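The chain contents come next:
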Amino acid sequence: MSKNEPFAPWQCPLCGEKLTGDSTLKCTKGHCFDRAKEGYWHLLPVQNTRTKAPGDSREMVAARRAFLSAGYYGIFGQALGELCLEYGQPKAGKPLRLLDAGCGEGWYDRCIAKQFEEAGLPLELAGFDIAKPAVRLAAKALPSARYAVASSFRQPVRTGWADVLLNCFSPFAQEEFLRVLKPDGQFIMVIPLENHLYGLKEAIYEKPYRNEVKPYELEGFRLVDCRELRYEMTVRGQEIESLFMMTPYYYKTGAADQQKLLAKTELTTPVEFAVLRYEKK
């Protein structure tokens, strides 16, 4: 590892060999990947994509960034950072290696990095997402991290690299999650609970529905802790539209129901998360 490379979490998405380097990543078989000017790498081979622009759209990413930057999930971001500190204590003198699978625009990562910085603890944070617009924003906002455009189901991450694997509202890729996590590593998964954003649904639908919460058991993992976070938030003005656009409901709602919501100047809704901690079996 070069002096200019703080840490190297990646492996070649084409052959599986280790990738090394600073701005340009190379493997022993000659595959090369240049770093984008924003600071990320594109490690999603074209043959592994179904569309030209997979993942969240530019508009959805911008809406999520606007909403999260307004601080409405601040309580959750603070709690998540504290839990990562608690769950992921590394061996003395070594930085914690944290991998965010489905990192989005990196807001949760910045909350976690802030907690580690304030605690004076070293952190090696890497993240990836299939949506390039999101990864571009994440890399620009947290230059100390390592970010890549990639899929959870074909992760360009070295086997056993992560001390802690974080998955917030993203697909569960069992085989890859087990592969990249160390034998004694921690898997933290965040899911919405029954009444999460129910107030938003009430404002849109005549018959709002509650979220289905699946059993917490996951094949290959052992559940060791579950913490629930429930509070109420009031969203105002333009952030109502930002909240709406960052959810799947936006693409499933007709124009009339959309206008009914956007006519509101204030929206109160419950916020409910479960933070689940697992160990590899």
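See the structure printed just above.
Worth saying up front: this structure is predicted, and the values here are computed from it rather than measured.

Visitor: Please explain the nonpolar core as it appears in this structure.
Guide: A general feature of soluble globular proteins is that nonpolar side chains tend to end up buried together. Ranked by internal contacts, the top residues of the largest apolar core, which has 53 residues, are Phe67, Tyr73, Phe76, Tyr147, Met233 and Leu243. Counting residues in each nonpolar core, the second largest holds 33 residues, with Phe7, Leu19, Ala101 and Met189 among its members.

Visitor: What exactly am I supposed to notice about the packing of aromatic side chains here?
Guide: To describe a pair of aromatic rings, one takes the distance between the centres and the angle between the planes. Counted according to the given criterion, the structure contains 20 aromatic pairs. Among the aromatic residues, ring-to-ring pairing joins Phe67, Tyr72, Tyr73, Phe76, Trp107, Tyr108, Phe169 and Phe273 into one connected group. A cation over an aromatic ring shows up here: Arg146 above the ring of Phe7, its NZ or CZ 5.5 Å from the ring centre. A cation sits over an aromatic face here: Arg210 above Tyr198, 4.2 Å from the ring centre.

Visitor: Would you explain the sheet that holds strand 4 (residues 96-101) in this entry?
Guide: Hydrogen bonds between backbone groups are what pair the strands of a sheet, and the pairing can be parallel or antiparallel. Taken in spatial order, the 8 strands line up as 3-6-5-4-7-8-10-9 in an open sheet, and their pairing is mixed. Edge strands, defined here as strands with exactly one partner in the open sheet, are strand 3 (40-42) and strand 9 (221-236). Each strand axis lies, on average, 20° off the axis of its neighbour in the sheet, ignoring direction. Pairing between strand 9 and strand 10 (residues 266-280): 15 bridges, direction antiparallel. Each residue of the ladder has a partner; that of Glu232, found in strand 10, is Pro270. Helix 2 (residues 74-87) rests against strand 4, strand 7 (162-168), strand 8 (181-192), strand 9 and strand 10 of the sheet, and its axis sits at about 160° to strand 9.

Visitor: How should I be thinking about the state of the cysteines in this particular structure?
Guide: Among covalent bonds in proteins, the disulfide is the one between the sulfur atoms of two cysteines. Taken as a whole and judged by the stated rule, the model has 0 disulfides. Free of any disulfide, Cys27 has its nearest cysteine sulfur in Cys15, 3.7 Å distant. A relative accessible area of 9% places Cys27 in the buried class. With no disulfide of its own, Cys32 lies closest to Cys27 among cysteine sulfurs, the gap being 7.4 Å.

Visitor: Any chance you could explain the side chain of Glu272 here in plain terms?
Guide: Its place among the elements puts Glu272 in strand 10. Separated by 3.0 Å, the side chain of Glu272 and the backbone nitrogen of Asn195 make a polar contact. Discounting residues that sit within four places of it in the chain, Glu272 has contacts with Ile191, Pro192, Leu193, Glu194, Asn195, His196, Leu229 and Arg230.

What counts as what
Residues numbered from 1 in each chain as written. Predicted model: local features only at pLDDT ≥ 70, side-chain atom pairs only at ≥ 80, totals over all residues. Heavy atoms only, no water. Core = buried A, V, L, I, M, F, W, Y, C linked by side-chain atoms within 4.5 Å. Buried < 20%, exposed > 50% of the residue type's maximum accessible area, 1.4 Å probe, protein only. Phe/Tyr/Trp six-rings, centres within 6.5 Å; stacked < 30°, edge-to-face > 60°. Lys NZ or Arg CZ within 6 Å of the ring centre and 35° of its normal. Pairing = 2+ DSSP bridges. Helix = DSSP H or I, 4+ residues; strand = E, 2+ residues; numbered from the N terminus. Axes fitted to C-alpha atoms, helices over the stretch in contact; angles between N-to-C directions. Contact = heavy atoms within 4.5 Å. Disulfide = S-S within 2.5 Å. Polar contact = N/O pair within 3.5 Å; in protein donor to acceptor, adjacent residues only side chain to side chain.

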